[in-house]
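# Results of the structural survey
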Amino acid sequence: MDEGKLFVLSGPSGVGKGTVLRELLRQKTDLVYSISATTRPPRPKEVNGEDYFFLKPEEFQEGIKQGRWLEWARVHNHLYGTPRDFVEQTINSGRHIILEIDVQGARQIKEKCPHGIFIFLAPPSIEELARRLEKRGTDSPGEKELRLKNALQEMEEKDDYDYVVLNDRLQQAVGQIIEIIRQEERSS
Ligand code: 5GP
């Protein structure tokens, strides 16, 4: 049996990764989502084991010691990591998996999984990104400022990705990602 493919989706905070991903998974039901672990506190409506595995810092650190994260990084002052076993099991069972991780994590995956396919979701403009971050309203002013600053840095790394998809219209962005996945399936 052929191994599944590993897709990585990155993009700055506020670009709409969550919305694009939800719609992508709704339309492409054979794609498996990798649920990350994080030390960030849950936002309202976020569910443990669905959106993230919400861990205490000491639990996350224990995971680092035990090599449980395929990659991990500190993002906006919190720790985030991809559970290694789940990714490996999914790929070995022939299913495709998608990781929604930041640029630091993507760099680590690129070293470990050179066959991974890297997609960067970009905003139509920085002004639009700032507006979307503002609209979200779930973050404190300090947190928002930090996310915008980090977003500008993340944008500089987009050229290291295999594909850059502009998130102007949701359905168009999702359609483009599905087309990328199909193209990669055909090329194997
Ligand atoms: P948020 O706190 O808004 O859910 O996510 C903040 C950032 O952390 C986003 O850029 C997201 O892509 C990134 N992120 C989420 N999960 C992981 C992960 O497992 N590893 C890494 N490196 N970044 C992650």
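Not measured: the values here are computed from a predicted model.

### Thoughts on the site of the ligand
Inspection of the region around the ligand gives 17 residues, with Ser36, Arg40, Tyr52, Tyr80 and Glu100 positioned closest. Residue Glu71 places a side-chain N or O atom 2.7 Å away from a nitrogen atom belonging to the ligand. Within the contact set of the ligand, an oxygen atom lies 3.4 Å away from a side-chain nitrogen or oxygen of Thr82. With the chains in place, 95% of the 510 Å² that the ligand exposes on its own is no longer accessible. Of all elements in the fold, only strand S5 (69–75) and strand S6 (78–83) reach the threshold of two or more residues within the shell around the ligand. Residues belonging to the shell around the ligand are distributed by class as follows: five nonpolar, five polar and seven charged.

### Some thoughts on the environment of Pro44
Among the structural elements, Pro44 can be located in the loop between strand S3 (37–38) and strand S4 (53–54). When the C-alpha atoms of Pro44 and Ile126 are compared, they prove to be 27 Å apart, with 82 residues separating the residues in sequence.

### With respect to the sheet that holds strand S8 (residues 117–122)
What the five strands build is an open sheet, ordered S2-S7-S1-S8-S9; its pairing is parallel. At either end of the open sheet lies a strand with only one pairing partner, and these are strand S2 (31–33) and strand S9 (163–166). Averaged over all adjacent pairs, the angle separating strand axes in this sheet is 25 degrees, with direction ignored. Judged from the four bridges that link them, strand S1 (residues 6–10) and strand S7 (residues 96–100) form a sheet pairing that is parallel. Its bridge partner being in S7, Val8 is matched across the sheet by Leu99. Contacting S1, S2, S7, S8 and S9, helix H7 (residues 170–186) crosses the sheet at an angle of about 155 degrees to S9.

Rules used in this analysis
Residues numbered from 1 in each chain as written. Predicted model: local features only at pLDDT ≥ 70, side-chain atom pairs only at ≥ 80, totals over all residues. Heavy atoms only, no water. Near = heavy atom within 4 Å. Polar contact = N/O pair within 3.5 Å; in protein donor to acceptor, adjacent residues only side chain to side chain. Areas by Shrake-Rupley, 256 points an atom, 1.4 Å probe, with all protein chains shown as cover. Helix = DSSP H or I, 4+ residues; strand = E, 2+ residues; numbered from the N terminus. Nonpolar A, V, L, I, M, F, W, Y, C, P; charged D, E, K, R; others polar. Pairing = 2+ DSSP bridges. Axes fitted to C-alpha atoms, helices over the stretch in contact; angles between N-to-C directions. Contact = heavy atoms within 4.5 Å.

Keep in mind that these numbers describe shape and distance, not what the molecule does.
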